[in-house]
Structures are given as structure tokens and as C-alpha cells.
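Examination of the molecular architecture
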Amino acid sequence: MIETKNKKGAWIAFIGVFLFLALIFALDQLIKPTDKLGMLLIVLQKGSVYALAAVSMNLLNGYTGLFSLGHAGFMLLGAYTYAIFTIPDKSRDAVYQYFDAAIRFSIPEQLSNHMGGFGTALGVFLALVLAGLVAALMAWLIGLPVLRLKSDYLAIATLGFAEIIRAVFQWSKLGPITNGSNLLKNFARASKFKLEIAGTKLSLSTFVPVLIATVCIILIVLIVNSTYGRAFKAIRDDEIAAEAMGINLARHKMISFVTSSFFAGVAGATLAMVLSIAQANNFKSAMTYEILLMVVLGGIGSITGSVIGSLLFVAASEWWLRGLDSGKFLGIEAPNIFRNGFRLVVFSVIIMVVVLFFRKGIMGEKELPDLFRRKKKEAPAKEGQA
Amino acid sequence: MKKVLSLVLVLAMIVALGASAYADNPVVKIGVFEPQSGDNGAGGKQEVLGMQYANALTPTVEIDGTTYDVELVYADNASSNDKAPTAAQTLISSGVSLVLGSYGSGVSIAASDTFDAAGVPAIGVTCTNPQVTAGCDVYFRICFLDPFQGTVLANFAKNELGATKAYCLAKQGDDYSGGLCNYFIDAFGKDNCVYEQFPEGTSDYSTYITNAQNQGCDVFFSPVSTEAAAQIIAKADTQALGMPILAGDTWDSNVILQAAKGTNVKICVTTFYQEGADAEFDKGIKEWINANPTALANNGGNDELAAVTVMGFDAYYVALEALKAAGSVDPADVLEVLPSVTYEGVTGAIAFDEIGDALRDSAFVKACNTESGVWDFVAVATVG
Amino acid sequence: MDALKTTLPYIISGVSVGGQYALIAIGYTMVYGILRLINFAHGDVFMVAGLMMVYLAASLPLYLAIPLVILLTVALGFTIERVAYKPLRTAPRMSVMISAIGVSYLLQNLALYITGGLNKNYPAIPWISDRISIFGMETSRVTVITPFLTIILVVALVQLINHTKIGMAMRAVSRDFETSQLMGIQINRVISATFIIGTFLAAVGSILFFTNYPGVVPTSGAMPGLKAFVAAVFGGIGSIPGAVIGAFIIGIAESVIKGLDTILIVNGVIDEQIGLATFSDAFTFVLLIIILVFKPTGLFGEKSTDKV
């Protein structure tokens, strides 16, 4: 009974995801950057990146109850790994203008020499996985000492590690690898992703980031629903009880931390892909705070919530509330009030209201399917009786 | 020069009269991609002033026989490389024909891909790093480049100031100061330079001053943002730096003059324009600034001209020239004709080379008069 | 001797920064001692105090502006506690910390809006910003008086905590929150008093800090705030002398690291710049992690056992 229901749900989810991706693909072709709706594409690109980052943070903070503030650091590792390994050979010297580049190896380029267009795609995929692995490896190293710490000490220690990582990546002595504190560019970026079919070029600049985020979020959902996920939740609810039940605390905390960081690394790489630049200076603790606020907005402990929260956050701050900054909003003209920065003030007030009065966020701990399930509750029950 | 300006003025008046007759002109949008907040906010605001003044003088342009109203569309790149691509995208989606900006090289480099993907041409006003135009087909610029400016400054330090050891200070991850220091060091000699970078959010510049003193340097080269500059000057004064400070075009700003007034610090800068070179222009823009409280506030509270303001003024007219030559408001058409656009501006003749860089071979060197708080002209410097 | 002469300016400047961090750190350590809350907004309150001075000094004489700034900062600290933390007293610790991050975000964005994102120059306060010469080194007077002023304030604070009724209540609450409530201590009054003392010291700290480094931007408070918190952890959270000593250590370390390349070159240890200054901020966190791993209670912290 349960199995058949799950199968049905899985099919519905599968078809839903497929339709969603098809829609994104269509939007990618229909909307040009110069259109009025061009911002929609940007919001989808950035929103999906932040959704992935928020969901991966939620895995750790919401599902395992480990309050970590090191997300920006892991995203930085992912972004740099991805960028460094996808800069084409001919642009390498221009990017490393003050240094003699030490790594001269672009995965997509190498593979495309042998396999053509498919090689490029595979190379980008491998670079993304590598980005995640580097972040995961660093998380494992950091996790050894810090995961023993309790809640807020853990938060401040992970925050500290993120700052240390940022400083190391800006160190001029590592310039041949990281380009010092200067930005990395010209690597494989979303705006250049095209699919050529029978002479017509199809844009993939929004589709690829959304696809990456979707696949990763599905993987996280699968982890959350596995035995590991249940162990994580047990640790969150009561560490001592969880230990008494035979859950290996250290091991499961580490798994959660490393997995979360892996996806944070992928999110960082995708962010670089979307922004078409990577620079250590952008991965400050403020970025972690923003992602945390997205998680809170959506509801701590809800993956759907994190996705909705981050899409709303990005859409509101990049698109809908722009008018608050430029003098005119909802037809009201007040250039003295609606000037630079007002958008962020309104935004932070909304967030404070959510934090204080709607502590559960938009979704609480519920997921999207839960919303449908409640309505249908009676019907399957009757079926069961029959 | 005066002729051109008076012609422009007359033209502006005629066009303005014409404009009043046809109230409903079609609109052509020019994007202004400048920092309005963050480290370079003050400088960005001054650069925008030039464009606004030019827009006030010449609010319309005739494209292919039709008179268009010119609308400036603003986007704040917040002096931050990660905000730049989105700011660029908002300009692109609002339907601009071309973009002016930015002050600061990093944001221009960061946004170049976004402009490139949309095929919208951009004219850099004072972004001097070579990377802005290199490898980007849609980016042009009207200012000189860092290899040139760095060499000019290094020669000046060696020959005029008699310096033998230079202390170079840049901001970490900042393409403007980092790039300029790099080319300065190339020209000055690597072994005679001490190069340090301060992180973002630094408030304590006193240690860097102590470092320069301790290492026995005799010139202090710090082409950083005006925000940092004001504090460096204050610390140089309290700690009795004992060597001249040298900087690039960003320091040609009244922020520096205010900070340096009454102190005992010697400051020299290279820049695009010397106030007084075009008296009529100076008079016009000062009147405009003084008549407009917002403009006055954005210029730092007085009417001392910054070179970037003048560059912004010229950039606006280059944009109009490009629109006229293209005969269309389509970004693609503007991009096509832009390489061959020339213009005789207040800061000199403007033309582009094959990369899209301005053909400029001279810079003004100015020194700060700490008693009266104005710039004194020192020399016109060239390389070659 | 030569080595000493080149190093001395860094140490003097470090001691001064350390004193300023110490004044912020006390606010962190007291609040943490009582509420077990990392008050992320504390650094931003420090920044707001700086901004208020910029705006008030523009229209008022300094002898009015300074007390007013301190008063308004204290009022801000009090209000933040009442509005953002008090309603969450029964909520999980993570919620309160998120609320603190939210307040910090709000204060920074408000500052961004009001200043237009531009750097504001802190007014020069006569006498303390004057230039003086000490051991043949030129500096401003504030650099020299900061550590002394810090120590005087700390001694006064310790007296207050040890010898007054409210001080006794604070000690009781930080020892055991619930029991002291049962003993009839009015928790909310004690917590408010803690916030008032903490923000008062932060306001004084901001006057000293910004007189020394006169540029105020919306993010001015973030880094000093984090460092002050690290100082509090380093010294042992809840311990006031610990926080002060931690702050001095961090201030000196930071300043010396910024000049370390120069010190090493001048003394012939290395030949060229190696860019160690990059780590001046990060080193604070290295210290933090070392202390957390090896002595989680800090230098002077009391050992506490976890309750089930």
C-alpha cells in the first residue's frame, strides 16, 4: 500500500520536474536579455543557485540541528575550483595578468578536443563535481576539530574558518593558482552555454543552472528521506536520545556536514557560472547570513520552504522591489523616500517580522506534497476501508 | 574648443526649442552604469554629474532624421563586483541603446560578459585597467590605460621627485589600484618597490604608513579609492609621513583637497583634465552645480571640479555621436559604428583603437596646494 | 634595540586597538554570560553610535553631542533587547541568534539607506585627536589614552558587579538563570541593565575607535564586532578581565601582523614582502579555533557541565 502510493508520488514528482525543466528551457528561448522580462531569467538563474545553497544549508542547520555559519567559505572553494579548472588555455594569461598561472588545464577544453560538444558538457559536469569534492574534503578536515563543539561555538568556529579560507585565497603568494585577490573570469559560464541543433543555436544560459540546482535538490531530498536523513533528524531533536538509540553521533554529524558542504561547493560553482566571475572578496560572512535568512524565511526544516524562500528573496531584492530604490514604487512617486537602499530596509524589516512573529517561516516544517496530502486525507482513508 | 562648446550650446538651445514644440518625442535610453554607493560611491556620483550636466545642455539627439529625447537610466553597481552583473542586466532589460561607465575597473570587468551576451555596447569612462576592453568586443573606453598612467607616475617619481624606493599600497582584489600599482612597479623597478595590499573594510591605515617609514621609502604610491585616501592623508599628517604621496586619476577629487587642506602632506596625481583649461566649460558646469542642491551635495558640497566629472561629460557626447552615426537606437547598430566614432571633447580628442581603447598619449600632473585647497598644475606628461 | 624601535609603533597602535575592542568585548561577554546569546548586532550598534556622532556633531556642539550619542546608543541597545530578544526568551537558542543576525542586517541596511552607502567622516574631537610625540614616534593622543581609559572603565565595572545589588543579581543570573528567577530576581531588569552597560561601553569604544580611524561605513562595525566576540571567547566567555586581556592580545597580534613583513625585512629575516598582512583579520579566527579546540572555556572561563 505504502509502496504503491510512493511510486505514484514519485511518478507525479518526476513528471512535475520534467514539465518544470521544459518550461525553463522554453523561457530560455523565448526571452532575450534585452527584453523587459530579461530580469526573470536573472532571477531564475540566481534564485536557483541560492535555492541550492539554502537547501544545502538547511540539510545541516534545519535537519541535523548543527548551526554552522561557514557556508560562504565552502561556496568560495567550489567557485574557485570550478573557475580555475575551466578557464580555456588561450585566456589563461589574460586572466592571470599579474601572475604566472600554475594550473594550465581546462577540463571542458581537454575533453572537447576528444569528444567535441559533448566533451565540453561532460567537462563542465566534472568540474562541478570536483568543485563539490574540494569543498567536501575541506569540510571533512574542518569537521574533525569543530564538530565536537556545541551550538553557538560551532557557529562562530565555522564562521571563523570561512574567513580563514577567504584570507588564504586572497594571499598574493598563492597568486599563480588563485590569481591573488583578483577576480577570475573567462571560464565556462552560463551565458556562453548553447545547444546547436541543425544550425540553430538554442540558449541554455538559464536552463543549465536551473537543471544543476534541480538535480542537486532532488539528491538532497533523497538523502533526507533515507535512513541517514532520519538519523539526522533524531540528532536534531535530541542528541542524547539519538545516541542511546545507537546512532553514531560523530559519524552522522560528519556525514551531514560533508554532504552539505559538497552541495554548497556545487552552489558556489554554479554561482560563478551565473555571474561569470569569481572573486574571494564576494564570499563574505554577509553571504552566509543572507542564505540563512532565506532558510528562515522559507521555514527551517523544509526543503520546499528553502526553495520558495530563496526564490522570493532573490526576486524581491533583484526585481520586484527595485522601484523602492529608484523613486517610483507601485505608482507612488517619492524620490526622497524611495532612494538608494530603501529596498533593503523594507526587506530587512520584513525579515525581522518573520523572525519574530512567524517563526515557522512560510512552510514551517511542511513540504509541498504535504499541502495536497491534507486535503486528500479522507479519500485514501475511505479507500482503505473499502 | 570654445567654438565647439558654444556650437554645442547653441545647438542645445535650438534643439531645446524644437523639443518644446514636439512634446512627445520618442525616447532613446542611455544606461548609466556607475557606483552610487560603496567605496567608489563618491567618485561615481561625480562622474554621473558630468553626464547629467551634458544631458541638461543637450537633452535631445537627432537620429536618422527623428529627434529623440535622451533619457539617462541609472543602475548602481555598488562598487561591488558581485552586484555588477545584475546591475548591468537591469540596464539591458530596460532597453538602453548603449551604456556609459563605470568609475572603477573591477565592476566594468565583472559586467563585461553581461553586456557581451546581450550585445549592448558600453563606453568606459574612467576604468583604466587593460582587462576592461581586452577580449571584450562590446567594451570601449575614453580614458587612458594603467600601463600608460603607471609609467607616467613612475617616471615622475624617479625624475621629478628623485625617489629611489617606492612604497605601493593597493586594495586587495581591486583591479584599479592593483593594476596601477603593478604597472607602476614594472616601470619603477621591482627591486626598488615595496608592495602591500590592504583588505576590504580596513580602517587602520596607520600601520601601512609605519611600514613605509620603517622600510626607508621615499615616495608613497597609493592610487586607492577616495574614501581610503582621506584616511591615509589624515594618518600621514599625524604620523609625519615624511615623503610625498603619489596617486592616479581617482585622487583628482575635492575629497582629497578637503582632506589635505591645512595638513603637511605633499600630494601629486595624474589626471585627465586641468581645471581652467576650458574656462567657459568650467563656468557653465559650476553654475549648474551651484544651482542644483542635489548636484552640489553629490559633488561633496562645493563646486571644485573633478576630472571624472569632465570625463562623464565627454562620454555623454561620445554616446550621442555614436547614436547619430548609427542612425538607429538598436544596440547592435550602435555597436557596429562605435569603433569609428570620434569626438573633440573638453578633455581632448577622443578616438578608439582596434581594441576599443582611447587613443590618448598625455596626462596632466597636478599637485595639491594644502594651503588654499586647490590643485596646482605641474606638467603635461607623455611617454615615449 | 633596533628591532625594538621598529616594532614599537605596531605594539602601541595594537594596544590602542585592543583597548577599543575590549570595550566592545565586554558587551558580548556580559550578554553571553547571562543569555547564552551571541549578540551579532552588538558590532552594528557600535557602528550606529559612530554614525549618530557624525550627524549630531554636524548640528550640535561636541559637549552636547557626545553625551547625547552615548544616551541614544544605550537607548538603542535597550530597545533591541526588548523588541528582538525578549519575545524569544523561551524559543530555541538558534532562533534568538537568527534574530540577532536579523537585527544586524537591519541596522546595516538602515545605515546604508541613511548614508546613501557613502563613507562618512567622523568629526575630530579636540584634545584627544591632537598629534603628540611619544618615544620619538608621532601619533594621536587617543592612541595613548585608550588603554588607560579602558582599564579605568573596566575597574569601575568590576566594582559595580562585585559590590552593588544589581551586580550581584547579574552574577546570580549568569550562574543559574532559572534558579535566580525563583529566588525573586527580576530577570528582565537584570537583562536590560546588562544591555545598557554593554552598549554604554560600546558607545565609548566607538568614540575612541572612530577618532582614531575616522571613516564610518555601514559595515564598519562587523569586523570589530566579530573580533571583540572572539576576544570574549578567547578570554573565557562571561569573564570580564578575560575579555579585556583577550582583546589586547588580538589587537596587538593584528597590528603586528600587518607590519610583520616590514619587521622581518628590516631585521634581515626575509628579503622581500611575503604578504602576511593578508592574514591580519584571519589570524584572529585562527586564535579562536585553537582556543576552542584545546581549551573551549577560554583562558579564564569557568568549567561548566552540560545539562541534559
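Residues numbered from 1 in each chain as written. Chains lettered and ligands numbered in written order. Predicted model: local features only at pLDDT ≥ 70, side-chain atom pairs only at ≥ 80, totals over all residues.

1. Regarding the overall build of chain B
Heads up, the condition is: Here a strand is any run of E in DSSP of at least two residues, a helix any run of H or I of at least four, and the numbering for each starts at the N terminus. C-alpha atoms define the radius of gyration in this analysis, and the globule rule sets the expected value at 2.2 Å times the number of residues to the power 0.38. Any residue whose C-beta has 12 or fewer other C-beta atoms within 10 Å is treated as exposed, any with 20 or more as buried, and any in between as partly exposed, C-beta atoms being built from the backbone. Two residues qualify as being in contact provided that their C-beta atoms, derived from the backbone, are within 7 Å of each other.
Helix and strand counts for chain B stand at 13 helices and 15 strands. The C-alpha atoms of chain B give a radius of gyration of 20 Å, which matches the 21 Å a tight globule of 384 residues would have. A total of 384 residues make up chain B; the buried ones form 64% of that total. Looking at chain B alone, contacts between residues at least 24 apart form 71% of all its contacts between residues at least 6 apart.

2. Some points on helix α2 (residues 41–57) of chain B
Convention followed: To estimate how far a helix should reach, multiply one less than its number of residues by 1.5 Å.
Relative to the 24 Å expected for 17 residues at 1.5 Å per residue, α2 of chain B spans 24 Å between its end C-alpha atoms, a close match to the ideal helical length. The element α2 of chain B is extensively covered by neighbouring structure, given that 15 of its 17 residues are classed as buried.

3. Some thoughts on helix α10 (residues 279–291) of chain B
Residue and element names in this part refer to chain B. Test applied: The directions from the helix axis to the C-beta atoms form the arc being described.
Taking 1.5 Å as the rise per residue, α10 with 13 residues should run 18 Å; its terminal C-alpha atoms sit 18 Å apart, in good agreement. Where α10 is concerned, the buried positions are F281, I285 and I289. Buried residues of α10, seen end-on, are gathered within an arc of 60° and therefore sit on one face of the element. Away from its buried face by more than 90 degrees, α10 exposes A279, K283, E287 and A291.

4. Let's talk about the sheet that holds strand β3 (residues 66–76) of chain B
Residue and element names in this part refer to chain B. Here is the rule: Strand pairing is assigned whenever DSSP detects at least two bridges linking the two strands. Simply put, an axis is a line fit to the C-alpha atoms, just over the touching stretch for a helix, and the angle between two N-to-C directions goes from 0 to 180 degrees.
Strand order in this open sheet of six strands is β2-β3-β1-β4-β5-β6, and the pairing throughout is mixed. Since the sheet does not close on itself, it has two edges, and those belong to β2 (60–63) and β6 (139–141), each with one partner. Ignoring which end each strand starts from, the neighbouring axes of this sheet average 35° apart. Where β2 lies against β3, four bridges are found, and the strand directions are antiparallel. Counterpart to V61 in the pairing with β3 is Y68. Along the sheet face, helix α4 (residues 105–118) touches β1 (27–34), β4 (98–100), β5 (122–124) and β6 and points at about 135° away from the line of β6. Each of β1, β2, β4 and β5 is contacted by helix α12 (residues 307–326), which is oriented at about 25° to β2, the strand it contacts most.

5. Quick notes on the sheet that holds strand β14 (residues 362–369) of chain B
Residue and element names in this part refer to chain B. Strand order in the open sheet formed by seven strands is β8-β7-β9-β10-β11-β14-β15, and the pairing between neighbours is mixed. Taken across any chain shown, the strands that pair with only one partner, and hence form the sheet edges, are β8 (193–198) and β15 (374–382). Mean inter-strand twist for the sheet, computed between neighbouring axes without regard to direction, equals 25°. Relative to strand β10 (residues 245–247), strand β9 (residues 219–221) runs parallel, the two sharing two bridges. Paired with F220 across the bridge in β10 is I245.

6. Brief notes about the domain arrangement of chain B
All names here are of chain B. Applied cut-off: Where each domain begins and ends follows an automated or database-derived domain assignment. Following the grouping adopted for this structure description, the nonpolar residues are Ala, Val, Leu, Ile, Met, Phe, Trp, Tyr, Cys and Pro, the charged ones are Asp, Glu, Lys and Arg, and the polar ones are all others, Gly among them.
Taken domain by domain, chain B consists of domain 1 (2–144 + 278–352) and domain 2 (146–271 + 364–382). Distance between the C-alpha centres of domain 1 and domain 2: 28 Å. Each partner contributes to the interface: domain 1 provides 21 residues, whereas domain 2 provides 19 residues. Breaking the side of domain 1 that touches domain 2 down by element, the ones donating at least two residues are α2 and α4. For the side of domain 1 that touches domain 2, a count of residues per class yields six nonpolar, 13 polar and two charged.

7. Observations regarding the interface of chain A and chain C
Chain A puts 35 residues into the contact, and the matching count from chain C is 37 residues. Of all the secondary structure elements, the ones that give two or more residues to the side of chain A that touches chain C are α7 (151–170), α13 (285–298) and α15 (342–357) of chain A. The dominant element in the side of chain A that touches chain C, judged by the number of residues it contributes, is α7 of chain A, at 12 residues. Of the residues that constitute the side of chain A that touches chain C, the class distribution is 24 nonpolar, seven polar and four charged.

8. Examining the packing of helix α2 (residues 38–63) of chain A against α13 of chain A
Residues and elements named next belong to chain A. Put simply, the test is: By definition in this entry, angles of less than 35 degrees are roughly parallel, angles greater than 145 are roughly antiparallel, angles of 65 to 115 are roughly perpendicular, and the rest are oblique.
Put simply, α2 and α13 touch, their axes get as near as 9 Å, and they point 75° apart. Taken as axis vectors, α2 and α13 run roughly perpendicular relative to one another. Contacts from Y50, A53, A54, M57, N58, N61 and G62 of α2 reach α13 at I291, L292, M294 and V295. Looking at side-chain class alone, the contact of α2 with α13 contains eight nonpolar, three polar and no charged residues.

9. Structural notes on the nonpolar core
For the record, the criterion: Note on terminology: a nonpolar core is any set of buried Ala, Val, Leu, Ile, Met, Phe, Trp, Tyr and Cys residues joined through C-beta atoms within 7 Å.
Grouped together as the largest cluster of nonpolar side chains are 358 residues, with contacts concentrated most on L52 of chain A, L100, C168, A229 and A319 of chain B together with A25 and L288 of chain C. The element contributing the most residues to this core is α2 of chain A, with 16 residues. If you count residues domain by domain, this core takes at least three from each of domain 1 (2–144 + 278–352) and domain 2 (146–271 + 364–382) of chain B.

10. Notes on the confidence of the model for chain C
How we decide: The pLDDT score gives, residue by residue, the confidence of the prediction method on a 0 to 100 scale.
Averaged over all residues, the pLDDT of chain C equals 88, while 97% of them reach at least 70. Interface confidence in the predicted complex, given as ipTM, is 0.89; pTM for the same model is 0.90.

11. Focus on the environment of V17 of chain C
Residues and elements named next belong to chain C. Mapping V17 onto the fold places it in helix α1 (residues 2–35). For V17, a count of 29 C-beta atoms within 10 Å gives the class buried. Sequence separation between V17 and V293 is 276 residues; the distance between their C-alpha atoms is 26 Å.

12. Some remarks on the interface of chain B and chain A
Counting residues at the interface gives 29 residues for chain B and 30 residues for chain A. Listing elements by their share of the side of chain B that touches chain A, those giving two or more residues are α3 (84–93), α4 and α6 (175–188) of chain B. A per-class count over the side of chain B that touches chain A returns eight nonpolar, 16 polar and five charged.

13. With respect to the packing of α7 of chain A against helix α4 (residues 93–115) of chain C
Packing of α7 of chain A against α4 of chain C leaves a shortest axis separation of 10 Å and a crossing angle of 40°. Comparing the axis directions of α7 of chain A and α4 of chain C gives the class oblique. Side by side, α7 of chain A and α4 of chain C meet where S151, D152 and A155 of chain A of the first sit next to R93, M94 and M97 of chain C of the second. Residue classes in the contact of α7 of chain A with α4 of chain C are distributed as three nonpolar, one polar and two charged.

14. Describing the pairing of strand β7 (residues 166–171) of chain B
Residues and elements named next belong to chain B. So the rule is basically this: Looking down the strands as they point away from the viewer, one classifies a crossover as right-handed if the path from the first strand across the helix to the second runs clockwise.
Counting buried positions along β7 gives six out of six residues, so the element sits mostly inside the fold. Two strands pair when backbone bridges link them, and β7 and β8 are joined in this way by six bridges, in the parallel orientation. Looking across to β8, one finds that C168 is bridged to Y195. Note that the unit made of β7, α6 and β8 has a crossover that is right-handed. Sheet topology note: the β7/β9 ladder contains three bridges and is parallel. Directly across from C168, in β9, lies its bridge partner F221.

15. Section: unusual backbone geometry
A cis amide bond, omega 15°, links G101 of chain B with the succeeding residue S102 of chain B. For N186 of chain A, which is not glycine, the phi torsion reads 65° and is therefore positive. Tracing the backbone through its elements, the reader meets N186 of chain A in the loop between β1 (184–185) and β2 (194–197). Of note, the phi angle at A78 of chain B is positive, near 55°, even though the residue is not glycine. By the secondary structure assignment, A78 of chain B is in the loop between β3 and α3.

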